[in-house]
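Geometric and topological summary
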Amino acid sequence: KSPSARSENYSRRHSSMNSDKTELISMLDDSDPMVSGRAAYALAKSGNMRGLTHLHRLLKNDKAQIRGKSAMALGEIKDARSVRPLIGLLQDSDDRVRASAVRALGTIGDNSAKESVQSALKNDQSLSSGLKQRKRCSNSVKTRIFSVRA
């Protein structure tokens, strides 16, 4: 392709990506937290701070499912700015949300969360038991990153 054709193709792709981000940003205000959460995740994965901030807000949603899914999304994004909000979820009233927070913190792997995770696992039997039952996460959280109960 000629340089002008490559440039035009790049411009079209770049314009499309900006359009997609604009659409995702507008979806952050959707009344369905699952829709806004997915949009926030996509934005955060692309490096857009608005997505990350929105996921942090969803950690305070009334629905435990939304809090848990938001925590898992933040773990996948692996941004250290999410550690503090996730540590706050270790005190959540729902044990599944607490387990999601532990898994997310383990995935992020920031040492600043080590003590909080160890304390949560030591003091919360339902959390510790729940993680043991979930084979896919138990080993990664307990040994891979934090060497819990070593």
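None of these values were measured; they are calculated from a predicted model.

**Digging into the overall build of the chain**
Counting its regular elements, the chain contains 9 helices and 0 strands. Among the 150 residues that make up the chain, the fraction classed as buried is 41%. Put simply, 53% of the contacts in the chain that link residues at least 6 apart link residues at least 24 apart. When the accessible surface of the chain is summed, it comes to about 9000 Å², and 47% of that surface belongs to carbon and sulfur atoms.

**So, the environment of S116**
Residue placement: S116 occurs in helix 7 (residues 114–123). Accessibility expressed as a relative area gives 27% for S116, which makes it partly exposed. Note: C-alpha distance between S116 and I87 (29 residues apart in sequence) is 6.8 Å. In contact with S116, other than residues within four places in its own chain, are I87 and L90.

**A word on the layout of surface pockets**
Taken as a whole, the second largest pocket encloses approximately 230 Å³ of empty space. Along its surface, the second largest pocket is lined by P33, M34, G37, R38, Y41, L55, I66, K69, S70, M72, A73 and E76. When contributions to the lining of the second largest pocket are tallied by element, the ones reaching two or more residues are helix 2 (33–45) and helix 4 (64–77). For the lining of the second largest pocket, the element with the highest residue contribution is helix 4, accounting for 6 residues. Class assignment of the residues belonging to the lining of the second largest pocket gives a composition of 7 nonpolar, 2 polar and 3 charged.

**What about helix 3 (residues 49–58)?**
Inspection of helix 3 places G51, L52, H54, L55, H56 and L58 among the buried residues, and these make up the whole buried set. Considering only its buried residues, helix 3 is in contact with helix 2, helix 4 and helix 5 (83–89). Where helix 3 begins, the capping side chain belongs to N48, and its oxygen is found 2.8 Å from the backbone nitrogen of R50.

**Focus on the packing of helix 2 against helix 3**
For the pair helix 2 and helix 3, the least separation of the axes is 7 Å and the interaxial angle reads 140°. Here helix 3 runs oblique to helix 2, going by the angle between their axes. Handedness of the crossing formed by helix 2 with helix 3: left-handed. Contact with helix 2, carried on its side by P33, S36, G37, A40, Y41, L43 and A44, involves G51, L52, H54, L55 and L58 of helix 3 and no other residues of that element.

**Notes on unusual backbone geometry**
Positive phi is not limited to glycine here, since K78 has a value of about 60°. With respect to the helices, strands and loops of the structure, K78 is situated in the loop between helix 4 and helix 5.

**Overview of helix 6 (residues 95–108)**
For helix 6, which comprises 14 residues, the first-to-last C-alpha distance of 20 Å matches the rise-based estimate of 20 Å (1.5 Å per residue) to within 8%. Of all 14 residues making up helix 6, 11 are buried, and the element is well covered by its neighbours. For helix 6, the complete set of buried residues consists of V97, R98, A99, S100, A101, V102, R103, A104, L105, G106 and I108. Backbone nitrogen of R96 and a side-chain oxygen of the N-cap are separated by 2.8 Å at the start of helix 6; the cap is D94. Directly after helix 6, the chain includes G109, whose backbone phi takes a positive value near 75°.

**Quick notes on the pattern of salt bridges**
Here the idea is simple: oppositely charged side chains can pair when their charged atoms come close. Throughout the structure, instances matching the rule amount to 4 salt bridges. Of the charged contacts in the structure, one is a salt bridge between R81 and D79, with a shortest N-O distance of 2.5 Å. The partner of R96 in a salt bridge is D94, and the shortest N-O contact between them spans 2.9 Å. Since its relative accessible area comes to 58%, R96 is described here as exposed.

The rules behind each value
Residues numbered from 1 in each chain as written. Predicted model: local features only at pLDDT ≥ 70, side-chain atom pairs only at ≥ 80, totals over all residues. Heavy atoms only, no water. Helix = DSSP H or I, 4+ residues; strand = E, 2+ residues; numbered from the N terminus. Buried < 20%, exposed > 50% of the residue type's maximum accessible area, 1.4 Å probe, protein only. Contact = heavy atoms within 4.5 Å. Areas by Shrake-Rupley, 256 points an atom, 1.4 Å probe, with all protein chains shown as cover. 1 Å grid on protein atoms, 1.4 Å probe; cavity = no way out; pocket = protein on both sides within 12 Å on 5 of 7 lines; lining within 4 Å. Points joined across faces, edges and corners; volume = space filled by probe spheres on them. Nonpolar A, V, L, I, M, F, W, Y, C, P; charged D, E, K, R; others polar. Polar contact = N/O pair within 3.5 Å; in protein donor to acceptor, adjacent residues only side chain to side chain. Axes fitted to C-alpha atoms, helices over the stretch in contact; angles between N-to-C directions. Parallel < 35°, antiparallel > 145°, perpendicular 65-115°, else oblique. Left-handed = near helix turned anticlockwise from the far one by under 90°. Expected span 1.5 Å × (residues − 1). Salt bridge = Lys/Arg side-chain N within 4 Å of Asp/Glu carboxyl O.

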